[in-house]
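# Results of the structural survey
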Amino acid sequence: MSFNIPDDGEPVVRPLRPPTRRRGRVLLPTIVVLGVVIVAFGLFTSFYTDLLWFRSVGFTKVWGVTLSTKVLLFVVFGLLLALTVVANMVIAFRMRPMYLPPSVEMQSLERYRMVLEPVRKLLVIAVAAVLMVFAGASATAQWEKFLQWRNSSPFGTKDPQFGKDVAFFAFSLPWYRYLLGFAFATLVLSILASLLVHYLYGGLRLQSAGDRASTAARVHLSVLLGVFVLVKAIAYWFDRYGLAVHEGSIVTGLGYTDVNAVLPAKTILTFIAIICAVLFFATILRRSSWLLPGMGLGLLVLSSLLIGALYPALVQQFQVKPSEQDKESPYIKRNIVATRQAYDIADTKVVDYQARTTVSAGQLQNDAETIPGIRLMDPNVVSPAFKQLQQIRGFYNFPDVLDIDRYQVDGKQRDMVVAVRELDQSGIRAQQQNWINQRLVYTHGFGFVGAYGNTRDSDGKPTFSVSNIPPTKTLGTFEPRIYFGEKSPTYSIVGGPKGGTPQELDFPAESATGQQNNTYSGKGGVPVGGTFNKLLYAVKFQEQKIVLSNLINPQSRILYIREPKDRVAKVAPWLKLDGDPYPALVGGRIQWIIDGYTTSNGVPYSERTTLDSATNDTLTTRNAVAAQAPDKVNYIRNSVKATVDAYDGTVRLYTWDEKDPVLRTWKSAFPGTVLPKSAITPELMSHLRYPEDLFKVQRSLLARYHVQDPVAFYGGQDFWRVPKDPTLSAASAADQPPYYLTLQTPGQVRGAFSLTTTFVPGGSNKDNLTAFASVNANPGPDYGKKTVLVVPRNTTIPGPGQVQNNFEANPTVSSALSLLRRGGSEVIQGNLLTLPVGGGFLYVEPVYIQAAGSTAAYPLLQKVLVAFGDRIGFEDTLQAALDDVFQGDSGASTGTGTTPPGTGTGTTPGGGTTPGTGVAALQSALDDMRAAITAADTALKAGDFTAYGQAQTKLKSALDRALAAQGKPALSTPSASPSPGGTASPAASPTPAAGASPGPAPSLSAG
């Protein structure tokens, strides 16, 4: 309170104003300002760190073009909608009647007018802002359509109905349809807003006995309705072109009813709509009532029902249905031709293959290029073996599904199962799970591992060509560190000053600390040593330690967006990517190779397919990351080959399909971002291959579109389907995946690395083989050539499912598998391969044995199943199984010999040849010697002399192979019985370090 003393001397008490009101007036704006600042800084952080990332990979142009296009669309369409609606509201307000007749309706509205008047301008601005945001946000989502329209490249092919280039339907029509939709939305909102304002201010009177609309309101609304109907006329005209890409009841594109009923109806409705619009505009000039335009609008609605809907239905029911096959044949033919071209299957070579089922000795003698390349190491099965034998430490890991590639070894191309040893931070012990370890210490994986696809060692393990830490040098010297991979952490902070103390764990080593440390010296990532960048990334990743940690130095770099697919998707958002990136050794670096697809959903008459369903098989069910999105397409090309450097994250995009108009369009939109095909080095070229997802899409279309006769296509009797994977239970089986194999199909001059699949009859429960398809996957003049071997319809060739059933039902095989499943063992059946050899079809399936219930268990290749016709072979080696099927002599050799496991050199169990002389062979032999010595020691300690003798035999075999690898003769068999009462173990020299020269051969002795 305050006291004032007036002249009369009596004090007057005056209450003070409460201070909280003033504080409240200050606090609320402060909170609002702070909130705006925080939101603005968050947006700026996202915006600026995005720019920094694009700079780090050299694709700033993509960032700039994408951002400028989105900003342009946001501003133009946001302003256009907002200004149009607001302008009509202002026009309606200014055209309000100056005198309003007294009525209950007008008196009720007066209260609303009085409430709105003080905030009328603010309300209009708010409406405009909201409309601009929504319209702008909707427009930015159309940036791809806009760029395709703006940079459209011709296909060079015209559609058969309208004579327009396919580019009009693929690039222009989607953009025009968006513009029409935007125009409709703008007009509808403008009409609604104008109606509301006219009603509120008396231009429209719902309860009036006389004229319910003022002249000004009638004119205004007539203009809007006239423009709306005129836009509808334009929409009817473009709907004609849309018929070429709509999905009909039989095929995609125009059918008989569309051409003879719907197309004329759309043309008629176009002119009726134009007449209706003219009637609305005539109302403006004559200032007459809405009677005539109302009648015109009614005529348009009635015509759309009778001409646009009823008439086509009558034509379909009474003209087409009774003779649908004859009426639709020309349009089915259009669909067949367009689909085969759009999916690049038009040049598929279809060959009638007179497959035989009988066998004779020497039957495979003409298949010398295919038989040795039969892959027995299933990349979908042997991952546990890679993990147990090559994981080294718990913080390393391999993917569950490995990859297939090929390398030159000793002058010969060898198919290999490959993977990289990636960092897996879930394997770090709980006590070490902290921010420093997760972000600064455990930053990268280490090493590339490869195993020959057609060999195994004496125990059934993979025969590694590249292995261990540091890696062996069978394939040369390369940078083994994996900073960018499929399992890399969300972000890591790496790098430091030269000469400083390394803090990143490089790999386990025989040192006092038990590890070798490293400091990143690559150019990947974004510099994060400065305070401002630290602050930005602390906000981005919501981690204050980025600002506070003194371990981050001026040379530090932050690595993020590290998965190869994510990096390519960010620099090329217009590409769809294959689900299976694979690593390859190129130029002394590990490069991730990713296949990029250009697609369209607007090719006339081409059949639509959904990518996720077309590419779904047992591999995608096991690895959800490899699954495609559920996007509909009716055109696809493998137009881009992309690489991501595993060490510095460098992304390169290479042109692959130089004729693809979709790629030309995107290259015009983002000039300089895609390198020419000539920039692909020969070494990189040797590792490129035909992509799996593209082949899956193509085989799903070939299952029907191998039929080119429209009458036969309509009947559908000769449709095929991809068989279910027979090696899995019926409940969990999806489609059998395609397989990479080196084979020579009938008619080929020589074998080639190929991608293969089989077909069985469609629409039936029969699983006999109907066709075998392959595509040349090796870069060269024959790359991409597809061959389909069609089995005669009067011949029954067992399909994959039937062959698998024959395996299980065979008494010898069944009893052997039952024995193998006893005693805590698990039988794993590998991929069932189908090969067109010997004048028929040969099936090969590796059989693995794995201990059940053990976390350390991994599959070992122990048996091989072979089938040809009704003959089945089940042996320890592929060679033996083949000889068993073909009357003791298949006529083809899987290698230089057929020795069983552990008895010498030559063909290793599994049917392939050993790697030959050199470091790889020596390393494999020394690894086996070490395992045999360990087994011998264990047996001696347990007093198991039988097991000890077996271990000595294995040691002798490994020793002979080690000597052979050095060009020395084998030793004579020594005595290897232990001394009574004592322990003895063979002595062997330690395994030499990777890359070191091998020492003298170890001696075999017994105590």
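What you see is a predicted model, and the numbers here were worked out from it, not measured in a lab.

## Describing the overall build of the chain
If you tally the helices and strands in the chain, you get 26 helices and 33 strands. Taking all 1007 residues of the chain together, 51% fall into the buried category. Partitioning the intrachain contacts of the chain with sequence separation of at least 6 by distance along the chain shows that 68% fall at a separation of at least 24. Carbon together with sulfur atoms contributes 58% to the accessible area of the chain, which is approximately 45000 Å² in total.

## Observations regarding the packing of aromatic side chains
Tallied over the full model, the rule gives 52 aromatic pairs. Joined through ring pairs, the aromatic side chains of Phe 77, Phe 146, Trp 149, Trp 175, Tyr 178 and Phe 182 make up one cluster. Against the face of Tyr 241 rests Arg 240, its NZ or CZ located 5.4 Å from the ring centre.

## What about the pattern of salt bridges?
One pass over the full model with this rule turns up 26 salt bridges. A salt bridge links Asp 50 to Lys 570, with the nearest nitrogen and oxygen atoms 3.0 Å apart. In this pair, Asp 50 is assigned in helix H1 (residues 19-57) and Lys 570 in helix H15 (residues 564-571), connecting sequence segments 520 residues apart. Note on Asp 50: relative accessible area 24%, which makes it partly exposed. Linking Glu 543 and Lys 545 is a salt bridge whose minimum nitrogen-to-oxygen distance equals 3.5 Å.

## Observations concerning the sheet that holds strand S9 (residues 448-456)
On the basis of which strands lie adjacent, the open sheet formed by four strands has the order S5-S6-S9-S10 and antiparallel pairing. Two strands lie at the open edges of the sheet, namely strand S5 (403-409) and strand S10 (462-466), each paired on one side alone. Averaged over all adjacent pairs, the angle separating strand axes in this sheet is 45°, with direction ignored. Examined bridge by bridge, S5 and strand S6 (residues 412-420) share seven bridges and lie antiparallel to one another. For Ile 404, the partnering residue across the bridge sits in S6 and is Val 417.

## As for the packing of helix H6 (residues 166-200) against helix H7 (residues 215-242)
At a minimum axis distance of 10 Å, the contact between H6 and H7 shows a crossing angle of 160°. As far as their axial angle goes, H7 and H6 are roughly antiparallel. The chirality of how H6 crosses H7 is left-handed. In the contact of H6 with H7, the residues fall into 22 nonpolar, five polar and two charged.

## Observations regarding H15
Looking at H15, one finds that the buried residues are Pro 564, Lys 565, Arg 567, Val 568 and Val 571. Projection of H15 onto a plane perpendicular to its axis shows the buried side chains occupying an angular sector of 165°, all on one side.

## Considering the sheet that holds strand S12 (residues 491-494)
Strand pairing in a sheet relies on backbone hydrogen bonds. The paired strands run either parallel or antiparallel. Pairing in this open sheet of three strands is antiparallel, and the strands run S12-S16-S15 from one edge to the other. The sheet is open, and its two edges are formed by S12 and strand S15 (526-527), each paired on a single side. As paired strands, S12 and strand S16 (residues 557-560) are joined by four bridges and run antiparallel to one another. Among the inter-strand pairings, Tyr 491 is bridged to a residue of S16, identified as Tyr 560.

## Here we look at the nonpolar core
Ranked by internal contacts, the top residues of the largest apolar core, which has 188 residues, are Phe 386, Phe 448, Leu 653 and Leu 842. If you tally residues by element for this core, the top one is helix H2 (residues 60-94), at 12 residues. Filtering out sequence-adjacent residues up to four positions away, Phe 386 remains in contact with Gln 391, Phe 398, Leu 402, Val 417, Ala 419, Val 449, Ala 451, Pro 462 and Phe 464. Residues Ala 235, Leu 243, Val 315 and Ala 338 belong to the second largest nonpolar core, which totals 24 residues.

## Some details on the confidence of the model for the chain
Looking at the chain, the pLDDT average stands at 85 and 86% of residues meet or exceed 70. Note on residues 896-919: pLDDT is under 50 here. Beyond four places in sequence and across chains, it has 70 contacts. Segment residues 972-1007 is flagged for pLDDT under 50; beyond a separation of four residues in sequence, or across chains, it makes 63 contacts in the model.

## Looking at the environment of Pro 330
Structurally, the position occupied by Pro 330 is in helix H10 (residues 324-342). Residues Pro 330 and Tyr 256, spaced 74 residues apart in sequence, show a C-alpha to C-alpha distance of 8.6 Å.

## Notes on unusual backbone geometry
Here the residue pair Ile 469 and Pro 470 is connected by a cis peptide bond, since its omega of -10° sits within 30 degrees of zero. Looking at where Pro 470 falls in the secondary structure, it is placed in the loop between S10 and strand S11 (481-482). One non-glycine residue, Asp 344, adopts positive backbone phi at about 60°. Relative to the assigned elements, Asp 344 resides in the loop between H10 and strand S3 (349-352). Even without a glycine there, the phi angle at Tyr 605 is positive, about 70°. Positionally, Tyr 605 belongs in the loop between strand S19 (589-600) and strand S20 (609-610). Assessed through its relative accessible area of 1%, Tyr 605 is described here as buried.

## Considerations on the pairing of S6
Remember that side chains alternate between the two faces of the sheet whenever the strand is regular. Of all the nine residues making up S6, seven are buried; the element is thus mostly covered by neighbouring parts of the structure. Taken together, S5 and the strand that follows it, S6, pair antiparallel across an intervening segment of two residues, in which Asp 410 is found at a positive phi of about 55°. Of the strand pairs in this sheet, S6 and S9 are connected by five bridges, and their pairing is antiparallel. Pairing of Ala 419 across the sheet is with Val 449, part of S9.

## Here we look at the packing of helix H22 (residues 800-809) against helix H23 (residues 811-821)
Two elements in contact, H22 and H23, have axes separated by 5 Å at closest approach and are oriented at 70°. One finds that H22 runs roughly perpendicular with respect to H23. The segment H22 lies against H23, with Phe 807, Glu 808 and Ala 809 engaging Pro 811, Val 813, Ser 814, Leu 817 and Arg 821. Residues that form the contact of H22 with H23 fall into these classes: five nonpolar, one polar and two charged.

## Remarks on a nonpolar patch on the surface
A surface patch of nonpolar side chains, amounting to about 740 Å² of accessible area, comprises Leu 297, Val 301, Leu 302, Leu 305, Leu 306, Leu 310, Leu 314 and Phe 318. Mapped onto the elements, Val 301 comes out in helix H9 (residues 291-320).

## Digging into the environment of Ala 235
By secondary structure assignment, the location of Ala 235 is in helix H7. What makes Ala 235 buried here is its relative accessible area of 7%. Distance in space between the C-alpha atoms of Ala 235 and Tyr 176 is 9.3 Å, their sequence separation being 59 residues.

Conventions we followed
Residues numbered from 1 in each chain as written. Predicted model: local features only at pLDDT ≥ 70, side-chain atom pairs only at ≥ 80, totals over all residues. Heavy atoms only, no water. Helix = DSSP H or I, 4+ residues; strand = E, 2+ residues; numbered from the N terminus. Buried < 20%, exposed > 50% of the residue type's maximum accessible area, 1.4 Å probe, protein only. Contact = heavy atoms within 4.5 Å. Areas by Shrake-Rupley, 256 points an atom, 1.4 Å probe, with all protein chains shown as cover. Phe/Tyr/Trp six-rings, centres within 6.5 Å; stacked < 30°, edge-to-face > 60°. Lys NZ or Arg CZ within 6 Å of the ring centre and 35° of its normal. Salt bridge = Lys/Arg side-chain N within 4 Å of Asp/Glu carboxyl O. Pairing = 2+ DSSP bridges. Axes fitted to C-alpha atoms, helices over the stretch in contact; angles between N-to-C directions. Parallel < 35°, antiparallel > 145°, perpendicular 65-115°, else oblique. Left-handed = near helix turned anticlockwise from the far one by under 90°. Nonpolar A, V, L, I, M, F, W, Y, C, P; charged D, E, K, R; others polar. Arc of directions from axis to C-beta. Core = buried A, V, L, I, M, F, W, Y, C linked by side-chain atoms within 4.5 Å. pLDDT = per-residue confidence, 0-100. Patch = residues over 30% accessible without salt bridge, like charges linked within 9 Å, V, L, I, M, F, W, Y side chains within 5 Å.

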